[in-house]
Structures are given as C-alpha cells and as structure tokens.
Amino acid sequence: SGTVPSSGPPPGTYRVKAVAPASRVQTTPNPSPVSPTSGATVTTVQLGFFTQATISGTVFDDTNGSGLWDVAEPGASGRTVFLDANSNGSFDLGEPSTTSASDGSYSFTGLTLGTFKPRVILPIGVTQTSTALAAITTTSGMNATGKNFGLFTSSSISGSVYSDVDGDGTRD
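A. Up close: the overall build of the protein chain. From N to C terminus, the protein chain includes zero helices and 12 strands. Taken over C-alpha atoms, the radius of gyration comes to 28 Å for the protein chain, far larger than the 16 Å a tight globule of 172 residues would show. Dimensions of the protein chain, computed from the C-alpha atoms along their principal axes, are close to 115 × 30 × 20 Å. A total of 172 residues make up the protein chain; the buried ones form 23% of that total. Excluding contacts between residues fewer than 6 apart, the proportion of contacts in the protein chain whose partners are at least 24 apart in sequence is 53%. Counting only carbon and sulfur atoms, one obtains 54% of the accessible surface of the protein chain, whose full area is about 11200 Å². Averaged over its 8 positive side-chain charges, the protein chain has a centre that lies 30 Å from the centre of its 12 negative ones.

Following this line, the structure appears as structure tokens:
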C-alpha cells in the first residue's frame, strides 16, 4: 500500500529510509527528518522506486535476406549488440554491450529510465536485413522483447567462361 503503520513512536526526530528491493532503484532523495508532534500523523514522507527494465531479442542468420525471422533460420551466436548512447551508429568505449548466445539471444538487464538504441556490430561481408530498431524509452518494470536483428552474410558465385572449340558443351 505504500504506507508504513506505526504504533506511535516516542517524541523525537526520525529519518525515514528504505532499502531498495532487488532490481529496483530509488528515484527520490531520502526525505528530510521528521519530528511528529503529540497525536500528529505525518503523511508527507514519500519514497519513489523504479523497477529496472530489460531489452532483449535475437540476432539471426537471415538466410533468404527477407528481413524477417523465418522458422528455419538459426540464431547467430557471438555477435556484439550494444546500446548506442550517442546515436552515432558505432560502438564507442563505455557503451553497454553484450554478445549473442549460441541461440542468437541477447539481453540487457538492470536498465534505468532512459532512451536506448540497440545496434549490432556488422562484421565485414555481413549486412543487416531487418529494419533498424527504433529508440526504446524505458518505463518502470518494462520488458522490451523481440528486438531482433536479421543478418545476411555475403555469398559468392564463381565459374569460368571457356571457348567450346568443338561445340559439344564440355570443356576440353
């Protein structure tokens, strides 16, 4: 309920504090000391808490280049996903990052109030096929899931052109 029942403390000055529960961050300063007078009810003490947020998704190998995660497409492990704090599209020192697991999943936990832009580092020869993720503004207790990245690895086609001197369709 947010109220703290009291059986009536003796006269004096009191400092009200709370211990933040796991995965929560106190958002208000500790209140000023209170000195209740005889018979008074003090209702001005307020403590705010923010439940930390999570952003998660999967990096997948977009084998057909559609930008959509199809059932048969595997997760891409070992890919670095980061939260682009300065919106420059590059991973910079100090920006939170994580590596995708063997199934391609990644997760950022313990996030406070803010706006976050998940991005993935693209190795040479890899293109992101999925739409760039929009910035995510966290709220208390938010669990932003399904923030996926589709990646297509460049392929090559090679062969040879030859002179079919005798016209039999085979290389002599």
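B. Quick look at the pairing of strand E12 (residues 149–153). In this structure, strand E3 (residues 53–61) lies alongside E12, joined through three bridges in parallel fashion. Residue pairing in the sheet places Val59 in a bridge with Phe149 of E12. Where strand E9 (residues 126–128) meets E12, three bridges bridge the pair, whose relative direction is antiparallel. Paired with Val126 across the bridge in E12 is Thr153.

C. Structural view of the packing of aromatic side chains. Throughout the structure, instances matching the rule amount to four aromatic pairs. Taking 5.4 Å as the distance between ring centres and 15° as the angle between the ring planes, the aromatic pair formed by Phe60 and Trp69 counts as stacked. Accessibility expressed as a relative area gives 2% for Phe60, which makes it buried. Under the relative-accessibility criterion, Trp69 is labelled partly exposed at 41%. With a centroid separation of 5.3 Å and an interplanar angle of 55°, the aromatic rings of Phe82 and Phe91 are classed as tilted. Take Phe82: its relative accessible area is 1%, and that puts it in the buried class.

D. Representation of the nonpolar core in the model. The biggest cluster of nonpolar side chains holds 17 residues, and the ones touching the most others in it are Ile55, Val59, Val81, Tyr106, Phe108, Leu111 and Phe149. The set of elements that each furnish at least two residues to this core consists of E3, strand E4 (80–83), strand E6 (105–111) and E12. Beyond its immediate sequence surroundings of up to four residues, Val81 is in contact with Val59, Pro96, Ser97, Thr98, Tyr106, Phe108, Arg119, Val120 and Phe149.

E. Main features of the sheet that holds strand E5 (residues 97–99). Taken together, the three strands give an open sheet; going across it, the order is E5-E4-E8, and neighbouring strands pair in antiparallel fashion. Edge positions in the sheet fall to E5 and strand E8 (118–120), since each of these pairs with one other strand and no more. Neighbouring strand axes in the sheet, compared pairwise and without regard to direction, differ in orientation by 25° on average. Sheet analysis places E4 next to E8, joined by three bridges and oriented antiparallel. Counted as the bridge partner of Leu83 is Pro118 from E8.

The rules behind these values
Residues numbered from 1 in each chain as written. Predicted model: local features only at pLDDT ≥ 70, side-chain atom pairs only at ≥ 80, totals over all residues. Heavy atoms only, no water. Helix = DSSP H or I, 4+ residues; strand = E, 2+ residues; numbered from the N terminus. Rg over C-alpha atoms; globule rule 2.2 N^0.38 Å. Buried < 20%, exposed > 50% of the residue type's maximum accessible area, 1.4 Å probe, protein only. Contact = heavy atoms within 4.5 Å. Areas by Shrake-Rupley, 256 points an atom, 1.4 Å probe, with all protein chains shown as cover. Lys, Arg positive; Asp, Glu negative; His and termini not counted. Charge placed at Lys NZ, Arg CZ, Asp CG, Glu CD. Pairing = 2+ DSSP bridges. Phe/Tyr/Trp six-rings, centres within 6.5 Å; stacked < 30°, edge-to-face > 60°. Core = buried A, V, L, I, M, F, W, Y, C linked by side-chain atoms within 4.5 Å. Axes fitted to C-alpha atoms, helices over the stretch in contact; angles between N-to-C directions.

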